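# Topology and contacts: notes
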Amino acid sequence: MKKEQVVNCQFSVWYPIFKKHTIKSLILPLPQNVIDYLLDDGTLVVSGSDHNTQQTHTNNSNSDAEEDVQWSDDETTTTVTAPEFPEFTSKVLEAINALGGRVFPKLNWSAPRDANWIALNSSLQCHSLSDIFLLFKSSDFITHDLTQPFLVCSDQDSPDPVINYELVLRKWSELIPGGEFRCFVKENKLIAISQRDYTQYYQHILKQEEQICQAIQGFFSQHIQYNFLDEDFVLDVYRDSQGRVWLIDLNPFGEVTDSLLFSWEELTSGEITQQQEGPAFRYTTSEVTVQPSPCLSYRIPRDFVDLSAGEDAYKLIDFLKLSPK
């Protein structure tokens, strides 16, 4: 996978080409001061609402509970004020209203799926800029987009392309996870289809395997094949209750994209295409194979994950050295 392929998979690149076959969306340039705010670990206050947000802390040296605590050199009131972006806020609210008042947010490539745990009802549905900021500042996926989008590219010696970061707002749609599928395209040929939410068992997929595969193949050959800038790419699609297929996203063909029920070795070696004529279709076949969501690991500190998985021996050694006092 080369940097050019990553650039071509930006939402603003492919959306105009396939606009008729995907969810209505609006794209707003992301100002540099907003990018700085999203990357600033020290800013704890979530801004973006249409009113001022601030927290006031007053030091009281006469308090019995705090008489031995020196908070600052002078006993003054400290006010923490969230950054404000009035012009950008106005544009975002206008876009949200134009899309029906509820939106699904993402950046050039990624959505903050790993941060849904912090949102109300664990949903990525947003009604204001403050909702979006809360998700973005809590998401490793968003940070990756902003800091190292070309991390796993093969042409690391070439200069990084200039990226104009954008906020993508998509009209909120109630998508059933069991209707989402990831499709792998190599040399403009659809070689594999995977259930998107592979951690769950959906009985209708088992019953409608042939219809689903035919619908996705038909959609691909009619609307996608030979129309994208690259011949190797990954697309996410959604098949609704009427059997119509919609394009949800386009991703680079490489390890930066989750291969789900396949391995990248299978997908790149040609092994799959040698085994059968049409695309390989994989899905969770029974409740026995149900797994926890991979995004659950983002809800706890990374150190805990490494320790429980035994991936960092030094952390395990340090843990064993701990003794109760």
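- Looking up the protein chain in an unreviewed UniProt entry gives the name Translation initiation factor eIF2 assembly protein, with the organism given as Sparus aurata.
- UniProt annotates the protein chain under Function (unreviewed entry) with the comment "ATP-dependent protein-folding chaperone for the eIF2 complex. Binds to the gamma subunit of the eIF2 complex which allows the subunit to assemble with the alpha and beta subunits."
- The UniProt entry for the protein chain carries the following text under Sequence similarities (unreviewed entry): "Belongs to the CDC123 family."

## Re the sheet that holds strand β10 (residues 280–282)
- Taking strand neighbours across the sheet as the criterion, the five strands line up as β9-β8-β6-β7-β10 in an open arrangement whose pairing is mixed. The outermost strands of the open sheet, each flanked by one partner alone, are β9 (245–252) and β10. When strand polarity is set aside, the average angle formed by the axes of neighbouring strands in this sheet is 20 degrees.
- In this structure, strand β6 (residues 180–186) lies alongside strand β8 (residues 233–239), joined through six bridges in antiparallel fashion. Paired with V185 across the strands is F233, a residue of β8.

## Observations regarding the sheet that holds strand β4 (residues 103–106)
- Here we have three strands laid out as an open sheet, ordered β1-β5-β4, and antiparallel in their pairing. Every other strand in the sheet has two partners, leaving β1 (25–29) and β4 as the edge strands with one partner each. Ignoring which end each strand starts from, the neighbouring axes of this sheet average 20 degrees apart.
- Where β4 and strand β5 (residues 166–171) come together, four bridges link them in antiparallel fashion. The partner of K106 across the bridge, within β5, is V168.
- Sheet contacts for helix α4 (residues 86–98): β1, β4 and β5; angle to β1, the most-contacted strand, approximately 175 degrees.
- On top of the sheet, helix α5 (residues 129–137) reaches β4 and β5; it is set at about 40 degrees to β4, its chief contact.

Conventions used here
Residues numbered from 1 in each chain as written. Predicted model: local features only at pLDDT ≥ 70, side-chain atom pairs only at ≥ 80, totals over all residues. Heavy atoms only, no water. UniProt positions renumbered as here; feature names shortened; annotations may be inferred. Pairing = 2+ DSSP bridges. Helix = DSSP H or I, 4+ residues; strand = E, 2+ residues; numbered from the N terminus. Axes fitted to C-alpha atoms, helices over the stretch in contact; angles between N-to-C directions. Contact = heavy atoms within 4.5 Å.

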